[in-house]
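Fold and geometry: a report
Chain by chain, the residues:
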Amino acid sequence: MRRLLVLLLIISICMSLVACGSGNTAPQTAPEDATSDTAATGTNSSAEVEEKELTLEDWFAENPDVQANYSSGGTEASADGNDLLLKYDSSTDGVTKETAKSDVLKQSIVESLTAGEGTFVSIVKELEKQSGIPDITLTVLYTCEDEPVVSVMFTRDGISERPEETKEV
């Protein structure tokens, strides 16, 4: 039991260290479509393309070094729209599916993530500031051998979705 708690503490510290990394990349904004023809002639063309709103996923694609800051120590970072997903597979630390699915371990993970709420909120706020993109969410997903165990979502205001056992991702 003590070994398991030490393992969770180490995982929590690693997540905190990964979360503290931030790039010094200047904020990027969505490219504006040139509409000089419309302005010059005063007519609207059906060929005009509407301006696409920049998402975190787009911004990471333009700034791969920033995304790489969040992918280390067994944590895989990816973005889907404006959601940053930090996925950690506990099997890389020798945790079995049986142990990962135990109520004791799941409760320890939830307590650790809840205690680190301020850190995750800071990550969201920093990403919003860096990228200029509002309403970013951060989802921390613990898995074991690619099977979801626990998932918690954070926004700039705190925990968005109460931690619960994850059935499917």
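Structural notes, computed from the coordinates. (Residues numbered from 1 in each chain as written. Predicted model: local features only at pLDDT ≥ 70, side-chain atom pairs only at ≥ 80, totals over all residues. Heavy atoms only, no water.)

1. Thoughts on the pairing of strand E1 (residues 75-80)
Across a regular strand the side chains alternate sides, sitting on one face of the sheet and then on the other. Residues Thr75, Ala77 and Ala79 line the buried face of E1, whereas the alternating positions Glu76, Ser78 and Asp80 sit on a face that is not buried. With 6 bridges connecting them, E1 and strand E2 (residues 83-89) associate as antiparallel partners. In the strand pairing of E2, Ala79 is matched with Leu84. Between E1 and E2, which pair antiparallel in sequence order, lie 2 residues; one of them, Gly81, sits at a positive phi of approximately 65 degrees. (Buried < 20%, exposed > 50% of the residue type's maximum accessible area, 1.4 Å probe, protein only. Helix = DSSP H or I, 4+ residues; strand = E, 2+ residues; numbered from the N terminus. Pairing = 2+ DSSP bridges.)

2. Some thoughts on unusual backbone geometry
Residues other than glycine seldom take positive phi values, yet Asp135 does so here, at roughly 60 degrees. Note on placement: Asp135 falls in the loop between helix H7 (117-131) and strand E3 (137-144). Even without being glycine, Glu145 reaches a positive phi, approximately 50 degrees. With respect to the element layout, Glu145 can be found in the loop between E3 and strand E4 (147-155).

3. With respect to the pairing of E3
Of all 8 residues in E3, 8 are buried, a share of seventy percent or more. Of the pairings in the sheet, the one linking E2 to E3 comprises 7 bridges and is parallel in character. Within E3, the position partnered with Asp83 by the bridge is Thr137. Bridge count between E3 and E4: 7 bridges; the pairing is antiparallel. Within E4, the position partnered with Thr143 by the bridge is Pro148. Connecting the antiparallel pair E3 and E4 is a turn made up of 2 residues, with Glu145 showing a positive phi of about 50 degrees.

4. Observations concerning the pattern of salt bridges
Overall, the coordinates contain 4 salt bridges when judged by the stated rule. One salt bridge in this structure joins Glu128 and Arg156, with 2.6 Å as the shortest N-O distance. With Glu128 in helix H7 and Arg156 in the loop between E4 and strand E5 (158-165), the pair connects residues that are 28 residues apart, well separated along the chain. Glu128 sits in the buried class, given a relative accessible area of 10%. Among the charged side chains, a network of salt bridges with common partners joins Lys97, Lys101 and Glu147. (Salt bridge = Lys/Arg side-chain N within 4 Å of Asp/Glu carboxyl O.)

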